[in-house]
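# Chain and residue survey
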Amino acid sequence: MDVVKKMKDSYHVMAKDLLEFRRNKMQLAALVMIPLIFLVMFGFIFPSGNTQQHMPMGIVNLDQGQASQEFVAQLDLMNQNTSFMDFTNYSSVDEAKTQINQGKIYGAFIIPPGFSENLTTGKSGDFTVYIDNSNPQSATQIQQVLSSTVNGLNDMKAQATVLELSKETNQQINPQAIIFPYVPQVSTTIPGETNYFNFLAPGLMIMIVMMGVMTGIPEAISKEKELGTFDGMLSAPISQISVIIGKTAALCIRGFLQCVIILGLAMLLFGVTVQGSLLLAFFMLLLGIFSFIGLGILAISMSGDQASGTMIVNLLMFPMIFLGGVFYPIQQMPGFMQTISQFIPLTYATDAMRKIILLNAGIGDVLYQMVILIGFGVVTMAIAVPLFRKSMTR
């Protein structure tokens, strides 16, 4: 009977919080606007493709020989098909460097004197590419485009050479088979487009739920403390556990609604496809919420007011956001940061959600992450609940 009473009391606390939420038009608007802002902001800031297009680049041709002019023409022809770069000709290296320093171009191709002579005498045609390394992302993209462009130009040159040799020997030769004897065929285990937003969307779902739970619990309890309504709640025949469960349940419902909105917008605006079970995905959300509840209760237990609780939550939450693998693959982080990320529940929740949604993972594939989340939630709740009860007596 005691358990039934606690559950009924928890329900009434949850209903009260949801009723207050429904009456607050600003919070209702935020329920929709926050996921939309996050999705649009991150969806359009990060390009969905692998490489940026129309990067402004310069060309300085100091050779002006036939081979260098053919090289520039081939470069321009290749770029017409890909639109990776927009070229501008400059008369000197210093002029091109000035344009790079002023941020007007990302880099410049420098074709030195003697370029044509080297090619006609059987030597390699060396040239220099200056890049703006003040922007690491642009510099990396330029190097990637440069590598693919030069490979394409080498391919064109080599094919022409092989065709000339085949004419001399009167043999039918496939230039591609000689130049590139090994041709990989890249495929994915699950159909669908590979882009950054597919990677980002599952992590965003978990992150927004985490933010809602960790900030919502301290905010709700601290606000009621300051308004004086919390004392009335505690003086009623309701256990402190029922208060925690009820307020957490209300936050869970709000978090689930936001996740449904995120998933719907991600599928509608950015083409995210759900390959796995939605039921399992939402169950993983529930485990993620459970793992974050204890941290939220700890924050309010260690603080005396809403401002202090918010500060403690931010201190816990923001490192988790950037180290939990939401925005960047953990494997690309330095080794010591990868070690730290192993102690963050967001890491396991994000990894499991990504596997379920994108790779059609089953329970057996994410069982390890589930055990970690349950264990983390049990440990933090075992620490947080006694501290919360003690703080209520102060």
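Residues numbered from 1 in each chain as written. Predicted model: local features only at pLDDT ≥ 70, side-chain atom pairs only at ≥ 80, totals over all residues. Heavy atoms only, no water.

The subject of this paragraph is the sheet that holds strand E1 (residues 55-61). Neighbouring strands of a sheet are bound in pairs by backbone hydrogen bonds; such pairs are parallel or else antiparallel. The mixed open sheet is built from 4 strands, whose spatial order is E2-E1-E3-E4. Edge positions in the sheet fall to strand E2 (85-89) and strand E4 (128-131), since each has one partner strand and no second. On average, adjacent strands in this sheet sit at an angle of 25 degrees to one another, irrespective of strand direction. With respect to the sheet, helix H4 (residues 93-101) is in contact with E1, strand E3 (107-111) and E4, its orientation differing from that of E3 by roughly 170 degrees. (Pairing = 2+ DSSP bridges. Helix = DSSP H or I, 4+ residues; strand = E, 2+ residues; numbered from the N terminus. Axes fitted to C-alpha atoms, helices over the stretch in contact; angles between N-to-C directions. Contact = heavy atoms within 4.5 Å.)

Across soluble globular proteins, nonpolar side chains have a tendency to be buried as a group. Counting residues in each nonpolar core, the largest one holds 65 residues, and the members touching the most others are Leu39, Phe197, Met207, Met210, Met214, Met284 and Leu346. In terms of residue count, helix H8 (residues 196-227) provides more of this core than any other element does, 15 residues in total. Here Leu346 is in contact with Ile206, Met207, Met210, Phe292, Met320, Ile321, Gly324 and Val326, once residues within four sequence places are set aside. In this structure, Met57, Phe71, Val72 and Met85 belong to the second largest nonpolar core, which totals 13 residues. (Core = buried A, V, L, I, M, F, W, Y, C linked by side-chain atoms within 4.5 Å. Buried < 20%, exposed > 50% of the residue type's maximum accessible area, 1.4 Å probe, protein only.)

It is worth spelling out the confidence of the model for the chain at this point. A residue-level look at the chain finds 78% of positions with pLDDT of 70 or above and a mean pLDDT of 77. Taking the mean pLDDT of every element in the chain, the minimum, 60, falls on helix H7 (residues 175-179) and the maximum, 89, on H4. (pLDDT = per-residue confidence, 0-100.)

This next bit is on a nonpolar patch on the surface. Judged by side-chain polarity, Met33, Ile37 and Met41 come together as a nonpolar surface patch covering roughly 270 Å² of accessible area. Structurally, Met41 can be placed in helix H2 (residues 25-45). (Patch = residues over 30% accessible without salt bridge, like charges linked within 9 Å, V, L, I, M, F, W, Y side chains within 5 Å. Areas by Shrake-Rupley, 256 points an atom, 1.4 Å probe, with all protein chains shown as cover. Salt bridge = Lys/Arg side-chain N within 4 Å of Asp/Glu carboxyl O.)

Before going further, it helps to spend a moment on H4. All of the buried residues along H4 are Val93, Ala96, Gln99 and Ile100. Down the axis of H4, the smallest arc covering the buried residues is 125 degrees, so these residues share one side. Exposed residues on H4 whose side chains face more than 90 degrees from its buried face are Asp94 and Asn101. In this structure, the buried residues of H4 make contact with E1, E3 and E4. (Arc of directions from axis to C-beta.)

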